[in-house]
Amino acid sequence: MAEQSDSTVAIKIVDVLDDGVRAAVERLLPQLSRSATFDGRTLAWVVAHDATTLFVAEAGDAVVGALTLVMYPLPTGLRAHIDDVVVDDAVRGHGVGEALVRAALERAVEVGARTVDLTSRPSREAAIRLYERVGFRRRDSTLFRWEPPGDPA
């Protein structure tokens, strides 16, 4: 894992998925979404995939947050998207989410992304304040989603 640290939390890029990170993500996902399901094989795929970077936040020996940065080339340039930001309920409000987001933004700039997007449900008011604090601006946009018939997602 590559590492970035401040005084209270260490932000790491997961290069090799170990049992500790796997268990931590499995524990954190329900705090992100009640409908989220955990699949260790999918998580291994995320870690191994060239387009995705999994960041984790560690406080001491505990993983207390995670974030996925997705980067993809388009004819208009390299773009990035932040997804699945989750911070353990026990440490929310202590800068963990901000440290994760700032690390992802630094990585996106480092590799030349032209923009970084993210979405957040309106009910996640604290998360929205965080995103605005680190420089995200709301866009006048409409999000569309297509789901295959019968897909439980």
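Each remark here, short or long, concerns the structure printed above.
All values derive from a computational prediction rather than experimental measurement.

> Outline the overall build of the chain, supporting the account with residue identities and numerical values.
Scanning the chain from N- to C-terminus turns up four helices and six strands. Its helices and strands in sequence order give the chain the pattern β-β-α-α-β-β-β-α-β-α, from N to C terminus. Relative to the globule expectation of 15 Å for 153 residues, the C-alpha radius of gyration of the chain, 15 Å, shows essentially globular dimensions. In terms of overall dimensions, the chain has a C-alpha envelope of 40 × 35 × 30 Å along the principal axes. Across the 153 residues of the chain, 39% fall into the buried class. Taking all contacts inside the chain whose residues are at least 6 apart in sequence as the whole, residues at least 24 apart take part in 52%. Looking at the chain as shown, the accessible area adds up to about 9900 Å², and 51% of this sits on carbon and sulfur atoms.

> Outline unusual backbone geometry, listing residues and values.
In this structure, Asp 84 is a non-glycine residue whose phi angle is positive, near 50°. Of note, Asp 84 is situated in strand β5 (residues 77–87). Residue class for Asp 84 comes out partly exposed when judged on its relative accessible area of 46%.

> Just give me the short version of the pattern of salt bridges, but keep the residues and values in it.
Under the criterion given, the structure shown has eight salt bridges. Between Asp 88 and Arg 27 there is a salt bridge, with the nearest N and O atoms lying 2.3 Å from each other. Here Asp 88, found in the loop between β5 and α3 (96–111), pairs with Arg 27, found in helix α1 (residues 19–32); they are 61 residues apart in sequence, far enough to count as distant. A residue is classified by how much of its surface remains accessible, and Arg 27, at 38% relative accessible area, is partly exposed.

> Lay out the packing of aromatic side chains in plain terms, naming residues and giving numbers.
Per the counting criterion, the structure on display carries one aromatic pair. Ring geometry for Tyr 131 and Phe 136: centres 6.1 Å apart, planes at 70°, overall edge-to-face. Accessibility assignment for this pair places Tyr 131 and Phe 136 in one class, buried.

Definitions and cut-offs
- Residues numbered from 1 in each chain as written.
- Predicted model: local features only at pLDDT ≥ 70, side-chain atom pairs only at ≥ 80, totals over all residues.
- Heavy atoms only, no water.
- Helix = DSSP H or I, 4+ residues; strand = E, 2+ residues; numbered from the N terminus.
- Rg over C-alpha atoms; globule rule 2.2 N^0.38 Å.
- Buried < 20%, exposed > 50% of the residue type's maximum accessible area, 1.4 Å probe, protein only.
- Contact = heavy atoms within 4.5 Å.
- Areas by Shrake-Rupley, 256 points an atom, 1.4 Å probe, with all protein chains shown as cover.
- Salt bridge = Lys/Arg side-chain N within 4 Å of Asp/Glu carboxyl O.
- Phe/Tyr/Trp six-rings, centres within 6.5 Å; stacked < 30°, edge-to-face > 60°.

So yeah, pure geometry; function would need other evidence.
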